[in-house]
Structures are given as C-alpha cells and as structure tokens.
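Analysis of the macromolecular model
Below, each chain spelled out in residue letters.
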There are 2 protein chains.
Amino acid sequence: MTARKENSTYTLNEKFITDCDLTYAANKIGGRWKIVILDKLGDRKLRFSELKKEFPYISERMLTLQLRALEQDELVKRTVYAAVPPRVEYELTSIALEFLPIFCQLSAWGKKNKALKKSRS
Amino acid sequence: MTARKENSTYTLNEKFITDCDLTYAANKIGGRWKIVILDKLGDRKLRFSELKKEFPYISERMLTLQLRALEQDELVKRTVYAAVPPRVEYELTSIALEFLPIFCQLSAWGKKNKALKKSRS
DNA sequence: TATGGTACAAACAAATTTGTAAGTAATGAC
DNA sequence: GTCATTACTTACAAATTTGTTTGTACCATA
C-alpha cells in the first residue's frame, strides 16, 4: 500500500486505540465524510453521482476515497452495472445497518445540544 | 485564535457538515482521543496525571489540547485545587453523560465486528 | 468526426492533526 | 540552594487528511 509508517508513538497510540472496542468502532466511521455517507445510504441505494449531489462541495476524489475505504471495511457494497454510460450503486452491508440506530441517537444528541447552545447565544 | 481559514470548499464543507445534527455530534467526539477520554471519565473524575497513565503514549500536549477542547465544548468540567503541587480534576458534564449509552453501543458494535473479522482470519 | 455523460485515477498542494523536546511556576523536602 | 512534583506551555516538526486540477475509458448520439 502507501509506505507504511514505522514504530513511532503515533503508531503505538494507533494500535492502543484500535485495540479498544469503542475506538475500533469509532475509527470505522471517523473523518469528515464517512458518517454522512453511511447515513445517506441508510435510506436507500445510491449511485456515485447521486451521492455527490448530496454533498455540494465534496470533491470526486474524496467521495471515491471514502467509498473505497468503506468498501474495504465491509460497510458498503459496490455493484457495477456493465452499461454505457457506466452505472455503479452503493448500498450498506448488514454490519453497517447496525450503525443506524446509533446514528439516530447521535443525531438526537446533536439536535438537542445544538439548540441549547443557540439559546445561550 | 489561530489564523482563520478563508472561504474554501474545505470551510464550506465544514459548515455543511456541522449544520447536520448527526455530524455536529460526531465532530464533538471526533479525532483520536476525545472518545476515549470521555469514556474514561465516565467511570469517575480523574486528575491530569491519572488520565495520562491511562494512555501510555499520549503526549502531555495532546492530552492538554483535547481536554481544553472538551472543556470549550462543555463536555468536561475542569476544577483546579490551589495546592502545591497543583491538583486538577476533570469530570464529565451532564451533556457528556448523555453520550455514555451511545459509547456502549459503539463498543458493542466494535466487540462483535472485531470478532467477526478475526474469525474470517 | 466531434461531443457528452459517468465514474473514476493520478499528480500535486494545502490544511489540519498529532507528536517531540524542552522549559515554566510554585513550593516543600532534603 | 538544589531537587522533585504536577500540570501545564511553547516552538518546532512529522504525519495524515482533505482538496485542486487534469485526464481517462467507455460508447452513444449529433
């Protein structure tokens, strides 16, 4: 892959952190995009171009990278239809579905506490 | 603060993403350390040095930065006891407590799916 | 023959996150 | 007066993440 990192504390910390069940899970959905992508795919299958429309400013590169990573982690299934123009669909796997209720709760937390913050202007 | 970023897509994406309740919440606990710190503090108050011991390779700088950020977001309360040597305690706020059940579920997901992954060697 | 749409890939660059190393203040113990 | 302790701070550097730009393959249609 891409020139593995050596045995720094960066890596030691990474290992330490992904040994833990909690952060193992958190890392799967970490970063700027993964959670929202999974959340969108929670409603229905989406094509690459449909996903792109959901996020007005995402670059195609970012979207591709994130989808590839999610595919690697078996959270997303990619299906290519051999048509012209090409057609590719993304959908959640069963283990990704298990995240959805958690996203709901996070969302509820966000809604509630964002409102609180505003009310204290 | 530290030289604000301009009006790039990076920033536009950031805004877009923190407008969403789900990612608003996710961002509060994003990054390498915040979740684990909050999780540890879920058990009991901890001093700076106690937290440091929990994470063998974390740098003091990182720990300080994360704690400050959590304090800013009102997820952690910091209490200084005017003693010598100094004594500072960190504890969760009420809104942070609401994250704990979510962490439990994430942890359960992690436990389950880490095991699955291993069993497929 | 030229153009257009889809789903990318590659080379490059900027921004952010994380880590390293050293130093500080206060004060009591030796 | 030197040392140790705690909870940091500062200046710097490395690593990772995110974004920009340009280009590709495929074939249909004009």
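Let me sum up the structure you'll find in this document. Throughout, residues of each chain are indexed from 1 in the direction in which the sequence is written. Key to labels: chains lettered from A, ligands numbered from 1, both in the order written. Residue-level local features of this predicted model are given only where pLDDT is at least 70; pairs of side-chain atoms are given and counted only at 80 or more, and the full residue set underlies all totals for whole chains, interfaces and linings. Excluding hydrogens and water, the side-chain values take into account all heavy atoms of the structure.

1. Re the overall build of chain A
Secondary structure elements are taken from DSSP: a helix is a run of H or I of four residues or more, a strand is a run of E of two residues or more, and numbering for both begins at the N terminus. The secondary structure content of chain A amounts to 7 helices and 3 strands. Scanning chain A from its N terminus toward the C terminus, one meets helices and strands in the order α-α-α-β-α-α-β-β-α-α. In terms of principal-axis extent, the alpha carbons of chain A reach across some 50 × 45 × 30 Å. Only protein chains enter the calculation, and the probe is 1.4 Å; a residue is then buried if its accessible area is under 20% of its type maximum, exposed if over 50%, and partly exposed in between. For chain A, the proportion of its 121 residues judged to be buried stands at 36%. When checking whether two residues touch, look at their non-hydrogen atoms; a contact exists if any pair is within 4.5 Å. Contacts spanning at least 24 positions in sequence make up 41% of the contacts within chain A whose residues lie at least 6 apart. Here chain A has roughly 7,100 Å² of accessible surface; of this, 55% comes from carbon and sulfur atoms. For chain A, the separation between the mean place of its 23 positive charges and that of its 15 negative charges on side chains is 8 Å. Using a 1.4 Å probe, accessible areas were evaluated by the Shrake-Rupley method; residue-level cover was limited to the displayed protein chains. The convention is simple: Lys and Arg are positive, Asp and Glu are negative, and His and the chain ends are not counted. The atoms used to mark charge sites are NZ of Lys, CZ of Arg, CG of Asp and CD of Glu.

2. Observations regarding the pattern of salt bridges
Residues and elements named next belong to chain A. Salt bridge, as applied in this entry: a Lys or Arg side-chain nitrogen positioned within 4 Å of an Asp or Glu carboxyl oxygen. Per the counting criterion, the structure on display carries 18 salt bridges over all chains. Linking glutamate 89 and arginine 87 is a salt bridge whose minimum nitrogen-to-oxygen distance equals 3.0 Å. According to the relative accessible area criterion, arginine 87 is partly exposed, its value standing at 30%. Look at the salt bridges and you will find they share partners, linking Lys45, Arg87 and Glu89 into a network.

3. Thoughts on the interface of chain B and chain A
Chain B puts 49 residues into the contact, and the matching count from chain A is 49 residues. The term buried area refers to how much accessible surface (probe radius 1.4 Å) is lost by two components on association, counted for both of them together. Of the roughly 4,400 Å² buried where chain B meets chain A, counting both sides, 65% is carbon and sulfur surface. By the criterion of area lost to chain A, the three top residues of chain B are Leu22, Arg32 and Trp109 of chain B, representing 19% of everything that side buries. Connecting chain B to chain A are 8 salt bridges. The shortest N-O distance in the salt bridge between aspartate 21 of chain A and lysine 114 of chain B comes to 3.0 Å. Any pair of N or O atoms that falls within 3.5 Å is considered a polar contact. Within protein, one atom must be able to donate a hydrogen and the other to accept it, and sequence-neighbouring residues count only if both atoms are side-chain atoms. Linking chain B with chain A are 13 residue pairs in polar contact (both at pLDDT 80 or more), by the criterion used here. If you list the elements that add at least two residues to the side of chain B that touches chain A, you get helix 1 (9-19), helix 2 (21-28), helix 3 (34-43) and helix 7 (100-119) of chain B. At 13 residues, the largest contribution of residues to the side of chain B that touches chain A is made by helix 7 of chain B. Side-chain classes are defined by residue name, with Ala, Val, Leu, Ile, Met, Phe, Trp, Tyr, Cys and Pro counting as nonpolar, Asp, Glu, Lys and Arg as charged, and the others, Gly among them, as polar. Considering only residue class, the side of chain B that touches chain A consists of 25 nonpolar, 9 polar and 15 charged.

4. Here's the deal with the state of the cysteines
Two cysteine sulfur atoms make up a disulfide if the distance between them is within 2.5 Å. Overall, the coordinates contain 0 disulfides over all chains when judged by the stated rule. The thiol of cysteine 104 of chain A is unpaired, and the distance to the nearest cysteine sulfur, on cysteine 20 of chain B, comes to 12 Å. Classification of cysteine 104 of chain A as exposed rests on a relative accessible area of 56%.

5. Section: the sheet that holds strand 3 (residues 87-92) of chain A
All names here are of chain A. In short, DSSP must find at least two bridges between two strands for them to pair. The sheet built from 3 strands is open, its strands ordered 1-3-2 with antiparallel pairing. For this open sheet the edge positions go to strand 1 (46-47) and strand 2 (76-81), each flanked by a neighbour on one side alone. Looking at chain direction, strand 1 and strand 3 are connected through 2 bridges and run antiparallel. When the bridges of strand 3 are listed, arginine 47 appears paired with glutamate 89. With axes taken as lines fitted to C-alpha atoms, and helix axes fitted only over the stretch in contact, angles between N-to-C directions fall between 0 and 180 degrees. In this fold helix 3 (residues 34-43) packs onto strand 1, strand 2 and strand 3, with an angle of close to 95° to the strand it touches most, strand 3.

6. Considering the relation of the copies chain B and chain A
In superposing the copies, a least-squares fit is computed on C-alpha atoms, taking residues whose pLDDT is at least 70 in both. You can overlay chain B on chain A at an RMSD of 0.1 Å; the transform is a turn of 180° with a shift of 0.0 Å along its axis. The two molecules are tied by a two-fold rotation axis, judged by turn and shift. Taken as a fraction of all interface residues of chain B, those also at the interface in chain A reach 100%, which identifies the copy contact as same-surface.

7. Describing the sheet that holds strand 1 (residues 46-47) of chain B
Residues and elements named next belong to chain B. Strand order in this open sheet of 3 strands is 1-3-2, and the pairing throughout is antiparallel. With partners counted over all chains shown, the strands left at the sheet margins are strand 1 and strand 2 (76-81), one partner each. In the sheet, strand 2 pairs with strand 3 (residues 87-92) via 6 bridges, with the strands oriented antiparallel. Bridged to arginine 78 within strand 3 is tyrosine 90.

8. Quick notes on unusual backbone geometry
Residue and element names in this part refer to chain A. Non-glycine residue glutamate 74 carries a positive phi angle of around 60°. Mapped onto the elements, glutamate 74 comes out in the loop between helix 5 (60-72) and strand 2. By relative accessible area, glutamate 74 is classed as partly exposed at 34%.

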